[in-house]
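The chain contents come next:
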Amino acid sequence: MQATSDRFVDNVRKALDNDILQQALGNVRVNFIEKRSQAVAGLPEFEDLREAGRILRDRVLADLDTHLLAFEAKVQAQGGHVHWCADAESARQTVLKICREAGARRVTKGKTMIGEEIGINDFLEANDIEPIETDLGEYIIQLRHEPPSHLIAPAVHVTQQQVEETFRRVHRDLDPKRDLREPSSLLAEARAKLRQRFLTADVGITGANFLVAETGSSVIVTNEGNGDLTQTLPRVHIALASIDKVVPTLDDLTLLLRLLARSATGQEMSVYTTLSTGPRRGDDHDGPGAYHVVILDNGRSKMVGTEKQDLLRCIRCGACLNHCPIYHAVGGHAYGWVYAGPIGAALTPALIGLEHAADLPNASTLCGRCEAVCPMKIPLPNILRHWREEEFQRGLTPPTVRRGLGLWAFVARHPRFYRLVAGLGARLLSGMAGSRGRLRSLPLAGGWTAVRDLPAPSGRTFHALYRQRRSGGGGKAGGGAA
Amino acid sequence: MSDRDAILAAIRTRKRPAAHGEPAVAPVPARGRIDGAARIDLFVRMAEAAAASVKRLSSPEEVPEAVAQYLAAQNLPARLVLASDPKVANLPWEDHPMIAHRTGPATGQDHAALTTAFAGVAETGTLALVSSPETPTTLNFLPEHSLVLVSAEDICGTYEELWRRLRLATDDGVYWPRTVNLITGPSRSADIEQKLLMGAHGPVKLHILLIDP
Amino acid sequence: MPQSASARPGNQTPETVTPRVALFVTCLVDLFRPSIGFAAIKLLEQAGCEVHVPDAQTCCGQPGYNSGDSANAAIIARQVVESFESYDYVVAPSGSCAGMISRHYPDLLSGDKDYAERARRLAAKTYELTQFLVDVRKLSALDVKLDRRVTYHDSCSSLREMGVKAQPRKLLAAVEGVAFSELPDGDSCCGFGGTFCVKYPDISDRMVEEKTGNIAKTGADLLLAGDLGCLLNMAGKLKRQGSKIESRHVAEVLAGMLDEPAIGEERREGER
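Residues numbered from 1 in each chain as written. Chains lettered and ligands numbered in written order. Predicted model: local features only at pLDDT ≥ 70, side-chain atom pairs only at ≥ 80, totals over all residues.

Regarding the overall build of chain A
Per the secondary structure count, chain A includes 21 helices and 12 strands. Taken along the three principal axes of its C-alpha coordinates, chain A extends 95 × 60 × 45 Å. Here chain A, with 482 residues, has 59% of them falling under the buried criterion. Put simply, 74% of the contacts in chain A that link residues at least 6 apart link residues at least 24 apart. (Helix = DSSP H or I, 4+ residues; strand = E, 2+ residues; numbered from the N terminus. Buried ≥ 20, exposed ≤ 12 C-beta atoms within 10 Å, placed from the backbone. Contact = placed C-beta atoms within 7 Å.)

Details of the interface of chain A and chain C
Taken together, the 60 residues of chain A in the interface contact 65 residues of chain C. Here the element with the most residues in the side of chain A that touches chain C is helix α18 (residues 399-413) of chain A; it accounts for six residues. Residues belonging to the side of chain A that touches chain C are distributed by class as follows: 31 nonpolar, 16 polar and 13 charged. (Nonpolar A, V, L, I, M, F, W, Y, C, P; charged D, E, K, R; others polar.)

Concerning the interface of chain A and chain B
A common measure of how large an interface is: the accessible area buried when the components associate. Taken together, the contacts link 73 residues of chain A with 56 residues of chain B. Top element by residues in the side of chain A that touches chain B is helix α10 (residues 183-200) of chain A. It accounts for eight residues. Split into classes, the residues belonging to the side of chain A that touches chain B amount to 29 nonpolar, 24 polar and 20 charged. Pairing of strand β9 (residues 272-276) of chain A with strand β9 (residues 179-183) of chain B, which is carried by five bridges, proceeds in the antiparallel orientation. (Pairing = 2+ DSSP bridges.)

Some words on the environment of A:Trp337
Among the structural elements, A:Trp337 can be located in the loop between α14 (325-330) and α15 (341-352). C-alpha separation for the pair A:Trp337 and A:Glu117, spaced 220 residues apart in sequence, amounts to 8.2 Å.

Digging into the packing of helix α1 (residues 8-17) of chain A against helix α11 (residues 201-217) of chain C
In the contact formed by α1(A) and α11(C), the axes pass within 10 Å of each other and the chain directions differ by 35 degrees. Along its contact with α1(A), which presents A:Val12, A:Arg13 and A:Leu16, the element α11(C) presents C:Asp202, C:Ile203 and C:Arg206. (Axes fitted to C-alpha atoms, helices over the stretch in contact; angles between N-to-C directions.)

Comments concerning the domain arrangement of chain C
Residue and element names in this part refer to chain C. Splitting chain C by domain gives domain 1 (18-136) and domain 2 (149-254). The straight-line distance from the C-alpha centre of domain 1 to that of domain 2 is 22 Å. In this assembly, 29 residues from domain 1 lie in contact with 22 residues from domain 2. Mapped by element, the contributors of at least two residues to the side of domain 1 that touches domain 2 are α1 (27-32), α2 (34-46), α3 (62-66), α5 (95-108) and α7 (129-136). Classifying every residue of the side of domain 1 that touches domain 2 by side-chain character gives 13 nonpolar, 12 polar and four charged. (Domains from an automatic or database assignment.)

What about the sheet that holds strand β6 (residues 179-181) of chain C?
All names here are of chain C. A sheet is described by the order of its strands in space; here four strands give the open sequence β6-β5-β7-β8, paired in parallel fashion. Two strands bound the open sheet, and with one partner strand each, they are β6 and β8 (246-249). Across the sheet, the axes of successive neighbouring strands diverge by a mean angle of 35 degrees, strand direction being ignored. Pairing analysis gives three bridges linking strand β5 (residues 149-153) to β6, with the strands arranged parallel. For threonine 151, the partnering residue across the bridge sits in β6 and is serine 181.

Structural notes on helix α2 (residues 19-41) of chain A
All names here are of chain A. Compared with the 33 Å implied by 1.5 Å per residue over 23 residues, the 34 Å span of α2 between its first and last C-alpha is a close match. All of the buried residues in α2 are Leu21, Ala24, Leu25, Val28, Asn31, Phe32, Ile33 and Arg36. Turning to α2, the residues buried within the fold contact α1, α12 (250-264), α13 (319-323), α14 and α16 (369-373). (Expected span 1.5 Å × (residues − 1).)

A few points about the packing of α7(C) against helix α9 (residues 166-173) of chain C
Residue and element names in this part refer to chain C. Put simply, α7 and α9 touch, their axes get as near as 8 Å, and they point 75 degrees apart. When the axes of α7 and α9 are compared, the pair comes out roughly perpendicular. Within the contact between the two elements, α7 uses Thr130, Gln131, Leu133, Val134 and Asp135 and α9 uses Gln167, Pro168, Lys170 and Leu171. By residue class, the composition of the contact of α7 with α9 is four nonpolar, three polar and two charged. (Parallel < 35°, antiparallel > 145°, perpendicular 65-115°, else oblique.)

Let's talk about the pairing of β8(C)
Both faces of the sheet carry side chains from a regular strand, because those side chains alternate between them. Taking every second residue as pointing to the same face, both faces of β8(C) are buried, with C:Glu246 and C:Arg248 on one and C:Ser247 and C:His249 on the other. In this fold, strand β7 (residues 222-225) of chain C hands off to helix α12 (residues 228-240) of chain C, which returns the chain to β8(C); that crossover is right-handed. (Right-handed = clockwise from strand over helix to strand, strands pointing away.)

So, unusual backbone geometry
Despite not being glycine, A:Lys377 shows a phi value in the positive range, around 50 degrees. By secondary structure assignment, the location of A:Lys377 is in the loop between α16 and α17 (380-393).

Details of the domain arrangement of chain A
Parsing chain A into structural domains produces domain 1 (1-42 + 320-397), domain 2 (49-302) and domain 3 (400-473). With centres defined by C-alpha atoms, the gap from domain 1 of chain A to domain 3 of chain A works out at 32 Å.

A few points about the pairing of strand β2 (residues 79-82) of chain B
Residue and element names in this part refer to chain B. Bridge analysis of β2 against strand β3 (residues 100-103) gives four bridges, and the strand direction is parallel. The partner of leucine 82 across the bridge, within β3, is threonine 103. By the bridge criterion, two bridges tie β2 to strand β4 (residues 112-116) in an arrangement that is parallel. The residue bridging valine 81 from the neighbouring strand is alanine 113, located in β4.

A few points about the arrangement of the chains
By contact count, the dominant pairing among the two pairs of chains in contact is that of chains A and B. Between chain B and chain C there is no contact; the minimum C-alpha to C-alpha separation amounts to 16 Å.

What to know about the sheet that holds strand β7 (residues 236-242) of chain A
Residues and elements named next belong to chain A. One open sheet accounts for six strands, arranged β1-β10-β7-β4-β2-β3; its pairing is parallel. Across the chains shown, the open sheet's two edge strands, defined by having one partner strand only, are β1 (81-85) and β3 (130-133). Averaged over neighbouring strand pairs, the angle between their axes works out to 20 degrees when direction is ignored. Across three bridges, the pairing between strand β2 (residues 106-109) and strand β4 (residues 203-206) is parallel. Bridge pairing in β4 places valine 107 opposite valine 203. Lying on the sheet, helix α5 (residues 88-101) is in contact with β1, β2, β4, β7 and β10 (290-296); it crosses β10 at an angle near 170 degrees.

Written out as structure tokens, the structure is:
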């Protein structure tokens, strides 16, 4: 998928001015946060599970190659195929080859962020193969030619009215006078439309929430059941997964599943959690004739062993997005690529290059709410700070900022000079504000005063007053106001 | 160098031991670690909380009657597709000749299906269904109404117990099924302005027939 | 999370030995509102401490640290370590600066063989003001009265780096006359974030608007917090909105030092 992360500031402006988006984002803030909170409160062991999950993932990453090879061996033992792809182009070509060999014209898709990452839909279309998104949210945005704006709720930025408009525009064979005021009627329409596509697809492409080495299985987690129809009905099932998805055993899988739905939607368990292993067995009446797992690297192996490795613990629950005040303000598209919110800000520079996503790690107050809710305890603020350090070292920080920081550091390193400057500054700003006590505008501080007043300093610094009181009266300083 | 070699090499040169030592055994939530009637009650409570309906029966012979009642209550034609598993196919359907039935995988035309679960998990009110020639996966997804038979003795407390049973039944993974479905309630979506709607692509209703003598 | 007070080094038995506490004033308090520093001293003395204000302090180094300039941040951090390490405790009227010293100095100086251990020791005895008063000094009674309807904003650093939430509330409950309302969505960032508010003013504005909307919902006429950066941001927005809600640092209220006009309010004639 083409990234627009380097136009973050423009993207933000558009997002803040978009009233419909702002209305839609209001739902995110209220619903997801409340539901997760209730689910967590309902499981006393939740914090212990977070810690155990972090340890598990770290253990796997410390020996990632071994676990991936164990997974591969098991898949092959069950009659499936594993394809290792170093980058997006390799993955696209691999998927195309499998589709061509199957004589595929039509491909149904379950939700897959890896699919977005490699831009598989556009690529298939360019090669005369029709991709059909089946997750309701993905279907909606496919019709609207938009990318997803959230990890698990891809159409969270779309209002009901917009869904109706889109369905009326695209489903032209249906009665124009039909009543679509109820959301259930929209769902029923999508269900009916997609039922036929499910039944006539040649190939089904899904993602994989996890890969289980013990059994050679890919795992998908949905509420709709679209992933299951996608992978059961066609002749071929392709599961797309990144290298970090592997877990050793079914019990390890269970640990992560106990964290996933609760963190994502506040459910105890998503409606459909499915393990797929190899093609249909000899006497099965349904299931695909061929099973392929495409394992994608795309920059992740480079993160192993670095301070960015913790990002590979991510289980794509979306809790960080749901709790991020920046995401609440600007939504997912502003981030300009596949992954949004705190994980997007931290991961995107690693996958597409820091110079193409320089704003993302900076657009954060490092408030830490993401890390507090991350089921994998990923130290997101620390990682964002690491990116800022790298930007500084590589000279990507804007010159004005560098100069300002350098100036401040110089002053802070020289206390006597600092006292002088602080004293002058306090007097100056206090004088400018006069008896009003605040400034409506201030040169060089337009970013602040454009939207809020600047309370004025009282006129003298603490250190000056403290020194005065100590020399002036002796004894205790600070009892009562001046 | 193949992509596979390149990826493995990249990981091998970079991987570092984890900072912490031997991991403690992950905690198994206390909720599912119960037995007997309390376990069955938990299963029913959690399944119902996930919008499944549960009908407790004292013997398998009561199933066809329960199915007839369900279809009537839902205003459905008295017709469904059955799993060919003996637990389902060998029930006394001949006592209910009004119910038209066939066995096999589901097609796009079936309104209702009855299959049997490998087990249940009380911890979350979840059914574990396993693909086989006798229990095809399409029965769980294509019809609007999914009816599933499960015995109380097959209700596990926790997922750990479920996997133990499944490993045993598959000769420690040698005969691992193509598909294992963990199903908790009927299909739903909240993709339209966060409004919860049932019956997205999978069944609109999940009706559990629990044999609890 | 900070270790329990009794497990941390430098903790003399509170009742018998007078601890030597070094006040980390913070650059914002120094420049904008010294009364907070004096209020902190009063409270610490009230809690039986001997308060010192090390001469060479300027800034904790956070602006540079959060902007990626770790080299300069480390230089400043070493200065702070040198100035403060000889005291029993370091207390700051700011979760943000206390968090910088307590949570980040060890990482920042971990590669410095002369300072790594010294930074860890300093980190272990650094506290936010209300945290120190309640958890270490067990202060529970205040001889202060204030008839106001009050709400409290928890700064992100206080909440998540220092584990401060109950402590300011406990102390406010000891102020006679205060009617307290919790802030809805209270753990949501106010949008200050140091340089963030000037680098991304649009997003910051949206966040502070959200915050002031919630403040208004509480029905409070006085906003309190433990961090002056957050207070300047929120008070600045409230005043721009024409709101009558006043803002102060919680130390001012706890110390009964309210002669100074609230943050950003008009100054009475002759007041400096």
